[in-house]
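Observations on chain architecture
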Amino acid sequence: MSFKWDSPVFFDELDLNGTLHNSRFAVHVERAQSALFEQLGKGWSELADRDEDLRYVVRELHIEFLTAFTSPGILPIELTADKIGTTSAVYGFQCGHYARGYRVIVKVDADGKPSPWSDWYRDMFAGMQQ
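How each quantity is defined
Residues numbered from 1 in each chain as written. Predicted model: local features only at pLDDT ≥ 70, side-chain atom pairs only at ≥ 80, totals over all residues. Heavy atoms only, no water. Helix = DSSP H or I, 4+ residues; strand = E, 2+ residues; numbered from the N terminus. Rg over C-alpha atoms; globule rule 2.2 N^0.38 Å. Buried < 20%, exposed > 50% of the residue type's maximum accessible area, 1.4 Å probe, protein only. Pairing = 2+ DSSP bridges. UniProt positions renumbered as here; feature names shortened; annotations may be inferred. 1 Å grid on protein atoms, 1.4 Å probe; cavity = no way out; pocket = protein on both sides within 12 Å on 5 of 7 lines; lining within 4 Å. Points joined across faces, edges and corners; volume = space filled by probe spheres on them. Nonpolar A, V, L, I, M, F, W, Y, C, P; charged D, E, K, R; others polar. Salt bridge = Lys/Arg side-chain N within 4 Å of Asp/Glu carboxyl O.

With that settled, the discussion passes to the overall build of the chain. Looking only at helices and strands, the chain features 2 helices and 5 strands. Reading the helices (α) and strands (β) of the chain from amino to carboxyl end gives β-α-β-β-β-β-α. Taken against the 2.2 N^0.38 rule, which gives 14 Å for 130 residues, the C-alpha radius of gyration of the chain at 15 Å falls within 12% of a compact globule. Structurally, the chain occupies a C-alpha span of about 45 × 30 × 25 Å along its principal axes. Counting across all 130 residues of the chain, residues that qualify as buried make up 35%.

Burial analysis of strand E4 (residues 88-95) places 6 of its 8 residues in the buried class, the great majority of the element. Looking at chain direction, strand E3 (residues 73-84) and E4 are connected through 7 bridges and run antiparallel. Counterpart to Ala81 in the pairing with E4 is Tyr91. In this structure, the hairpin formed by E3 and E4 is closed by a connection of 3 residues. Strand direction decides the pairing type here: E4 and strand E5 (residues 99-107), joined by 8 bridges, are antiparallel. By the bridge assignment for E5, Cys95 is matched with Ala99. Remark: 3 residues form the turn of the hairpin made by E4 and E5, two consecutive strands paired antiparallel; Gly96 in that turn has positive phi of roughly 55 degrees.

Residues annotated in UniProt with the feature "domain: Thioesterase" (unreviewed entry) correspond here to residues 17-92. For residues 17-92, the end-to-end C-alpha separation is 28 Å, with 24% helix and 36% strand making up the annotated structure.

A few words on the layout of surface pockets. Looking at the largest pocket, its volume works out to about 150 Å³. Along its surface, the largest pocket is lined by Glu30, Gln33, Ser34, Phe37, Glu38, Lys42, Gly43, Trp44, Arg50, Leu54 and Tyr56. A total of 5 residues in the lining of the largest pocket trace back to one element, the largest contributor, which is helix H1 (residues 22-39). Residue composition of the lining of the largest pocket, by class: 4 nonpolar, 3 polar and 4 charged.

What follows is about the pattern of salt bridges. For the structure shown, the criterion picks out 6 salt bridges. Here Arg24 ties to Glu13 by a salt bridge, and the two come within 2.8 Å at their closest N and O atoms. Note that Arg24 is positioned in helix H1 and Glu13 in the loop between strand E1 (3-9) and H1, a separation of 11 residues in sequence. In this structure Arg24 comes out as partly exposed when scored by relative accessible area, which is 24%. Of the residues examined, Glu13 reaches a relative accessible area of 5% and is grouped as buried. The partner of Asp53 in a salt bridge is Lys107, with the nearest N and O atoms 3.1 Å apart. Placement of the pair is Asp53 in the loop between H1 and strand E2 (56-65) and Lys107 in strand E5, with a sequence separation of 54 residues. Comparing Asp53 with Lys107 shows no difference in burial state: the two are buried.

What follows is the structure in structure tokens.
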């Protein structure tokens, strides 16, 4: 199972060539990740209310650009749960037929040190792999 999110692209995200700027793809993938957690009941508006499993850092981001996204509109994002470790998780993503890649996140504690995922997170991740 994957998670699908329609992410709106606005005119101000286009570069001088009229295409979605390469750096914006990462923003739209992040928005899809946030939408996934909100859908699972883990949304937050105050930093103090954030679930412990949402305290993570991005360790690696790989994007392969396939074709230009050339106008404001909807960029479809699909997230897949690829691999989970003790403190890290790898999500694959597909941005329509425009780009694809993967993102590695590492859960950290309040001091910024790697911390193990909770049972809830592991179950959620396993559910996405089915």
